[in-house]
Amino acid sequence: YTMPFLHQQVKLEIKRAERYSRPFTMMLIQLSNMDELNSNYGRIVLLNLLRELGKIINEGTRVTDIPARQSEAELLFLLPETRIEDAGIIADRIRKNAERFKYKLRLNICLVEYPRSGSVFEDLFAGLTVAMSRCIEKGGDKTISFIRE
């Protein structure tokens, strides 16, 4: 899906979460070594890797989870009725499945939860940005959660 579609879905999920007092999580997955893979193995191999990575991510998520491509190297997910701790399990599953690749994939995975990380899309997205910065500062290839104090 597109980012505008996901933005609209998050707004709807916020209303649902408020009404039924249920959390949801947003998960950002970044393939941080995409440029390196492209330089070392070429565009065709990279495109095949991205296709396979998409399949692996789909295996690790549920039918009700909503993905959107933020950039060529980033996917953003809305995980309805999911606490951040459970999203961490999903991230671990995706990371474990990615180990099947012949090439080493460096996945930066960032998590925020409504309402603990923010109460509007912009705050949740800002939390993902902070988490991604922390992930990169710590060397990447990690899962980082952001919860407001």
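Treat the numbers as computed from the prediction; the structure is a model and nothing was measured. (Residues numbered from 1 in each chain as written. Predicted model: local features only at pLDDT ≥ 70, side-chain atom pairs only at ≥ 80, totals over all residues. Heavy atoms only, no water.)

### Things to note about the overall build of the chain
Argument step 1. Within the chain, the secondary structure is distributed over five helices and five strands.
Argument step 2. Along its sequence from the N terminus, the chain presents helices and strands in the succession α-β-α-α-β-β-α-β-α-β.
Argument step 3. Compactness check: the chain gives a C-alpha radius of gyration of 15 Å against a globular reference of 15 Å for 149 residues, within 12% of the reference.
Argument step 4. Sorting the 149 residues of the chain into buried and exposed places 47% on the buried side.
Argument step 5. Counted over contacts in the chain with a minimum sequence separation of 6, partners at least 24 positions apart contribute 74%.
Argument step 6. As presented, the chain carries roughly 8100 Å² of accessible surface, and 51% of it is formed by carbon and sulfur atoms.
Argument step 7. Of note, the chain has its 23 positive side-chain charges centred 3 Å away from the centre of its 20 negative side-chain charges. (Helix = DSSP H or I, 4+ residues; strand = E, 2+ residues; numbered from the N terminus. Rg over C-alpha atoms; globule rule 2.2 N^0.38 Å. Buried < 20%, exposed > 50% of the residue type's maximum accessible area, 1.4 Å probe, protein only. Contact = heavy atoms within 4.5 Å. Areas by Shrake-Rupley, 256 points an atom, 1.4 Å probe, with all protein chains shown as cover. Lys, Arg positive; Asp, Glu negative; His and termini not counted. Charge placed at Lys NZ, Arg CZ, Asp CG, Glu CD.)

### Some points on the pairing of strand β3 (residues 74-80)
Argument step 1. For β3, a buried count of seven out of seven residues is recorded, marking the element as mostly surrounded by other parts of the structure.
Argument step 2. Residues Glu74, Leu76, Leu78 and Pro80 line one face of β3 and the alternating positions Leu75, Phe77 and Leu79 line the opposite face, and both faces are buried.
Argument step 3. Note that strand β1 (residues 24-31) and β3 share seven bridges and pair antiparallel. Across the sheet, isoleucine 29 pairs through a bridge with leucine 75, a residue of β3.
Argument step 4. Here five bridges tie strand β2 (residues 66-71) to β3, and the two strands are oriented antiparallel to one another. If you follow serine 71 over to β3, its bridge partner there is glutamate 74. (Pairing = 2+ DSSP bridges.)

### Here's the deal with the packing of aromatic side chains
Both the distance between ring centres and the angle between the ring planes are used here to describe each pair of aromatic rings.
Argument step 1. Tallied over the full model, the rule gives four aromatic pairs.
Argument step 2. Centre to centre, the rings of tyrosine 1 and phenylalanine 5 are 4.5 Å apart; their planes meet at 20°, and the pair counts as stacked.
Argument step 3. For tyrosine 1, a relative accessible area of 60% corresponds to the exposed category.
Argument step 4. Using a relative accessible area of 31% as the deciding quantity, one classes phenylalanine 5 as partly exposed. (Phe/Tyr/Trp six-rings, centres within 6.5 Å; stacked < 30°, edge-to-face > 60°.)

### Structural notes on the side chain of glutamate 74
Argument step 1. The topology assignment puts glutamate 74 in strand β3.
Argument step 2. Among buried Asp, Glu, Lys and Arg side chains, glutamate 74 stands out as unpaired, with arginine 69 the closest opposite charge at 9.3 Å.
Argument step 3. Looking at glutamate 74, its side chain comes within polar contact range of the side chain of glutamine 30, at 3.0 Å. (Salt bridge = Lys/Arg side-chain N within 4 Å of Asp/Glu carboxyl O. Polar contact = N/O pair within 3.5 Å; in protein donor to acceptor, adjacent residues only side chain to side chain.)

### Notes on the nonpolar core
Argument step 1. Membership of the largest hydrophobic core comes to 27 residues, with the highest contact counts inside it found for Met27, Ile29, Leu31, Leu105 and Leu107.
Argument step 2. Contributing elements (two or more residues each) for this core: β1, α2 (34-41), α3 (43-60), β3, α4 (84-98) and β4 (107-114).
Argument step 3. When near neighbours in sequence (up to four residues on either side) are disregarded, methionine 27 contacts Thr61, Leu75, Leu76, Phe77, Leu79, Ile90, Ala91, Ile94, Ile109, Cys110 and Leu111.
Argument step 4. With 22 residues, the next largest nonpolar core counts Phe24, Leu76, Val112 and Tyr114 among its residues. (Core = buried A, V, L, I, M, F, W, Y, C linked by side-chain atoms within 4.5 Å.)

### Quick word on the sheet that holds strand β5 (residues 143-146)
Argument step 1. Across the sheet, which stays open at both edges, the five strands sit in the order β2-β3-β1-β4-β5 with mixed pairing between neighbours. For this open sheet the edge positions go to β2 and β5, each flanked by a neighbour on one side alone. Between one strand axis and the next, the sheet turns by 20° as a mean value, whatever way the strands run.
Argument step 2. Docked against the sheet, α4 engages β1, β3, β4 and β5, running at close to 165° with respect to β4. (Axes fitted to C-alpha atoms, helices over the stretch in contact; angles between N-to-C directions.)

Such coordinate-based values are descriptive only and should not be taken to indicate function.
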